[in-house]
Each structure stands twice: as structure tokens, then as C-alpha cells.
Amino acid sequence: MSQNLSDAAESLNDSLDASRCKYYHKSDLMVQCYYDDEHLLREIYAFIELTNLEWVITVIYALVFITGVVGNFLVGYAVWRNKYLRTITNFFLTNLAVADFLTIVFCLPPSFAQTILETWFLGNTMCKMVSYLQNVAVIVSVLTLTSISIERWFAICQPLTFQQTKSRVIVCVVIIWAVAHIASIPKLIMMEEIHDIIVPPNLTIFLTSCGPRDDQVAAKYEIFLSITFFAIPIAIMGYNYTAIAICLWSSSTSSRQLTGRASVGKLL
């Protein structure tokens, strides 16, 4: 009986406190109460104000952005300007540079803003598009690195079995981009602009985020991506480069043996 009275009293106190608040939200972790728009905005601005550490992170982001844009642009420009650089491996590296360039230009700035200012500024459509492009670029990078390892394995360990040509590389690059776009389509469906539970959308854009509408579906999709475009490619690259190392070691050992036999023959 006393417990019921205590619960009732607590509920009454909560309702009285809530009646003073224009914006009120109670959870297991905290109670939020803001008396008016000005009070809420003042707390938001104080919350997103940059700390010293965040200023350092901002500088690091800027350096990464500048270095990434310039570096990846120079890779593509060098291959485009110099015909002797247009090798099969460099075609793959150029494709990798394009994917990295897209990631840096289209994904880094909005992701930085959301990380530092706790806010997604670009709206619902760009939330979907940026998430989609970011996913595409990552998948393209992984598949390109995997393709490079396969191409190197054939060139070093099976040079007579398969001859890679530029036309085949172009087809491979097209397939890589097609797979990346198809695999990233769920991002266009599941990602959306999410408003803070207590901040009305017409008051301020701050504290808006870009995230999945269904966390469970998003988790399953991330597991699929992790297995398909991380675990499997890592296994393939690990096998290929291990095989390449073994081939090179065996070739080096055979060369030393032949050199030794030739030296003995001269002495005889």
C-alpha cells in the first residue's frame, strides 16, 4: 500500500514538473525540461559548442581533406598524362583513387559536421545519397584491392595461364562499380533524416541526424556487408599475397641453385 502511495506521489511530482516545461522528456537516464524556445536553444548552442579537442579534430579533418583531394587527383592526372603509366595495375590504382576522391569530397564534410556539431545539415535526400555514395566508394575500394591481388597472383604465379589485358581491366572495373551500386541500394531505402525527440523541426536544424529508420534491419545489412565485402575479400587477398610470397621465395631459391650449379660448372 505504501509503495503504491509512493509511486502515485512520484507520478504527481513528475506531472507538476512537466507542467512547467514547454519541452519535456523523461527517460531511464535523464529528465529533460526546457521552459521555452529560448531556453532550449541556449542549451543546444552550449551543447554543440566546440571544445579544444574538437578544434584539434577539425584541423585533422581539414588536413585529411586537402591531402586526400590533392593526392588522389594527382594519381589520376599522372596516369592520364603519361601513357607509359597506363599499365594494368595502374588502371586499378586509378579506380581506387577515384573511389577515395568521391569519399573525401562527398562524404567527409557532411560526416564531419554530424560528428562535431551533432547535426545533419543537408536534409533527407542528401542523407540517403551521401550514405549511398559512401557505401559505394568503400565497396569499390575493397573490390579494387581484391582485384589487384588477383591480378598480381596471376601475373606472378600463373603467368602462362591467364593474360590480363586493358579491355579486361575495363570490364572488371565496370563490374566492380555495378556491384557496388547494387549492393548499396538498401542505403537509399533505410537511411533518413532523424529529428531529436524533444526538438521541434521548425525551431532549429541542430541535433538533426542521419541514420537508419530500423536499427535491426540496419544491423543485418551491416553484417551482410561485413561478410561479403570485408571478411571474404580479406581472405582472398590474404591467400593471394601468401601465394605470391611463396612463389617469389621458390623462384629466388631456384635462381640461387641454378647460379650455384653454373659456378660449379665453370670451375670444372
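Residues numbered from 1 in each chain as written. Predicted model: local features only at pLDDT ≥ 70, side-chain atom pairs only at ≥ 80, totals over all residues. Heavy atoms only, no water.

So, on to the state of the cysteines. Evaluation of the coordinates by the stated rule reveals 2 disulfides. Between Cys127 and Cys210 runs a disulfide, and the two sulfur atoms are separated by 1.9 Å. Here Cys127 and Cys210 share a disulfide; its torsion about the S-S bond, 80°, makes the bridge right-handed. Remark: Cys210 occurs in strand 4 (residues 209-212) and Cys127 occurs in helix 5 (residues 123-157); sequence separation between them is 83 residues. (Disulfide = S-S within 2.5 Å. Helix = DSSP H or I, 4+ residues; strand = E, 2+ residues; numbered from the N terminus.)

Right, let's get into the packing of aromatic side chains. Applying the stated criterion to the full structure yields 6 aromatic pairs. A ring pair is formed by Phe224 and Phe229, whose centres lie 6.2 Å apart and whose planes are at 90°; its orientation type is edge-to-face. Taking relative accessible area as the criterion, Phe224 reaches 40% and is therefore assigned partly exposed. Joined through ring pairs, the aromatic side chains of Phe73, Tyr77 and Trp80 make up one cluster. (Phe/Tyr/Trp six-rings, centres within 6.5 Å; stacked < 30°, edge-to-face > 60°. Buried < 20%, exposed > 50% of the residue type's maximum accessible area, 1.4 Å probe, protein only.)

Opposite charge on two side chains lets them pair, provided their charged atoms get close. Using the criterion set out here, one finds 3 salt bridges in the structure. As a salt-bridge pair, Glu222 and Lys187 come within 3.2 Å of each other at their nearest N and O atoms. Here the residue Glu222 occupies a position in helix 8 (residues 215-267), and Lys187 occupies one in helix 7 (residues 185-190), the gap between them amounting to 35 residues. (Salt bridge = Lys/Arg side-chain N within 4 Å of Asp/Glu carboxyl O.)

Turning our attention to the UniProt feature "transmembrane region" (unreviewed entry) in the chain. Mapped onto this structure's residue numbering, the UniProt feature "transmembrane region" (unreviewed entry) falls at residues 55-80, 92-112, 132-155, 167-185 and 223-249. Taken end to end, residues 132-155 is 100% helix and 0% strand, and its two terminal C-alpha atoms sit 34 Å from one another. End C-alpha atoms of residues 167-185 are separated by 28 Å, and the span's content is 95% helix alongside 0% strand. (UniProt positions renumbered as here; feature names shortened; annotations may be inferred.)

Here the focus is the side chain of Glu151. Following the sequence through the fold, Glu151 ends up in helix 5. On the basis of relative accessibility, which here comes to 7%, the residue Glu151 falls in the buried class.

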